[in-house]
Amino acid sequence: MTAPLRSGEPVVVNVALGARAYDIVIGRGLLSSLGARIAALRPKVRAAIVTDSTVAKHYLDKAKAALSEAGIRAVHIVVPQGEKSKSFRVFEQVCESLIAERIERGDVVVALGGGVVGDLAGFAAASVRRGLDVVQVPTTLLAQVDSSVGGKTGINSQHGKNLIGAFHQPILVVADTALLDTLPEREFRAGYAEVVKYGLIGDAAFFAWLESNWREVFSGSAAREHAIAVSCRAKAGTVARDERETGERALLNLGHTFGHALETATGFSERLLHGEAVALGMALAFSFSARRGLLPAAEAERVIRHLAAAGLSNHLSSIPGGLPSADGLMELMAQDKKVKRGKLALILARGIGASFVQPDVDQAEVKAFLAEKLSER
């Protein structure tokens, strides 16, 4: 966290996975170098750019031009914007389009978009011809600090979020911070929740830095690139040590068990963006930890206060429309990927920067906690 703030030269973070290691390149104006960076890794490839209808308007032509300048022929596949595209129907369309365009093994899929596009295109790349290379070009803050890194790909099920997918590491991540300039404020705030997460998991000093500097992160100064780089270093280290989430990597799901249940309950809709759900989930996780006596209530309040200052949801009353009962939310949480043999695990905290995995949580205790929170709406 103490690396100096700087601007200008890109920051390169390596994800150390042996023969499958790759770089995350972070900086402003990197989209123009996309073709050269891919050509250096995979000479003479063809590319298929997968993007959504909103991102296409801003950046598809620029991405294609960058590829063309490097001698890379490219086709493009445009999907509807939004979480609804993480579905079997759209996944099938992307796979069939890749096959129809004769994208071969040795070619590359370029995921140009936010978390939805990254997850969808990554899963299609993992599946078509039993595996195509994928390059992630994240266009949202959330994707730049989280979903583009680590190889988790997938789509949603009617039973819950991200329940169908595969681990499929990219060969490169290009995080152009200039692409965040066109991001709606609500989307940027939602992505900021994932930045805060890294401080809450294991870096209290970073959380304290965010408390003092979050406005500069939002405004787009060098603090933004610094926050993205710190987040990527944290995730890269975790992924290198636990690629398939058999232990430590589960900590990256802080807030996600509660949050994914709320996303499912709201139909993966504009009622609740993923980052907003994560923020709510982290507030709930810290409140529940305080309720269990794991940390002082003041620590939980500090977290909730910072989320609120940044304009993030921290109370169930912030979700418009109805929600299921505590029993209904427990049913959704039972589909969480960390559930083992029917036992619920939660990421809890002994303090800011001191999160841990609590296996086999007393479900009656969680249900009572959710009932209390729902009654406060």
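Colleague: Hey, could you go over the overall build of the chain for me, with residue numbers and the actual values?
Modeller: A count of helical and extended segments in the chain gives 13 helices and eleven strands. In summary, the chain has a C-alpha radius of gyration of 20 Å against a globular reference of 21 Å for 377 residues, a match within 12%. For the chain, the spread of C-alpha atoms along the three principal axes comes to 60 × 45 × 40 Å. Split into buried and exposed, the 377 residues of the chain put 57% on the buried side. Counting only contacts in the chain whose residues sit at least 6 apart along the sequence, the fraction spanning at least 24 positions is 75%. Summed over all atoms, the accessible surface of the chain reaches about 15000 Å², with 50% contributed by carbon and sulfur. For the chain, the centre of its 44 positive side-chain charges and the centre of its 40 negative side-chain charges are spaced 3 Å apart.

Colleague: Residue-level account of the sheet that holds strand β6 (residues 133-138), with values.
Modeller: Strand order across the open sheet formed by seven strands is β1-β2-β9-β6-β5-β3-β4, with mixed pairing between neighbours. With partners counted over all chains shown, the strands left at the sheet margins are β1 (11-15) and β4 (74-79), one partner each. Adjacent strand axes in the sheet meet at a mean angle of 15° when their direction is disregarded. Bridge analysis of strand β2 (residues 22-27) against strand β9 (residues 172-176) gives five bridges, and the strand direction is parallel. Bridge pairing links glycine 27 to aspartate 176 in β9. Across the sheet, helix α3 (residues 88-100) touches β3 (47-52), β4 and β5 (108-113), and the angle it forms with β4 is around 165°. Strands in contact with helix α4 (residues 115-127) are β3, β4, β5 and β6; relative to β5, the strand with the most contacts, it is inclined by about 165°.

Colleague: Residue-level account of the layout of surface pockets, with values.
Modeller: Taken as a whole, the second largest pocket encloses approximately 320 Å³ of empty space. Forming the walls of the second largest pocket are 18 residues, and the residues nearest its centre are Arg20, Asp133, Gln169, Pro170 and Ile171. Of all the elements in the fold, those that place two or more residues in the lining of the second largest pocket are β2 and β6. Taken together, the residues of the lining of the second largest pocket sort by class into ten nonpolar, two polar and six charged.

Colleague: Give me empty space enclosed by the protein: which residues, what numbers.
Modeller: Following the criterion strictly, the structure yields four cavities of 30 Å³ or more and no others. Each pocket or cavity is described by its volume, and for the largest cavity that value is around 80 Å³. Taken together, 13 residues make up the lining of the largest cavity; nearest its centre are Lys161, His260, Leu332, Gln335 and Asp336. At four residues, helix α9 (residues 256-265) tops the list of elements feeding residues into the lining of the largest cavity. Tallied by class, residues from the lining of the largest cavity come to four nonpolar, six polar and three charged.

Rules of the game
Residues numbered from 1 in each chain as written. Predicted model: local features only at pLDDT ≥ 70, side-chain atom pairs only at ≥ 80, totals over all residues. Heavy atoms only, no water. Helix = DSSP H or I, 4+ residues; strand = E, 2+ residues; numbered from the N terminus. Rg over C-alpha atoms; globule rule 2.2 N^0.38 Å. Buried < 20%, exposed > 50% of the residue type's maximum accessible area, 1.4 Å probe, protein only. Contact = heavy atoms within 4.5 Å. Areas by Shrake-Rupley, 256 points an atom, 1.4 Å probe, with all protein chains shown as cover. Lys, Arg positive; Asp, Glu negative; His and termini not counted. Charge placed at Lys NZ, Arg CZ, Asp CG, Glu CD. Pairing = 2+ DSSP bridges. Axes fitted to C-alpha atoms, helices over the stretch in contact; angles between N-to-C directions. 1 Å grid on protein atoms, 1.4 Å probe; cavity = no way out; pocket = protein on both sides within 12 Å on 5 of 7 lines; lining within 4 Å. Points joined across faces, edges and corners; volume = space filled by probe spheres on them. Nonpolar A, V, L, I, M, F, W, Y, C, P; charged D, E, K, R; others polar.

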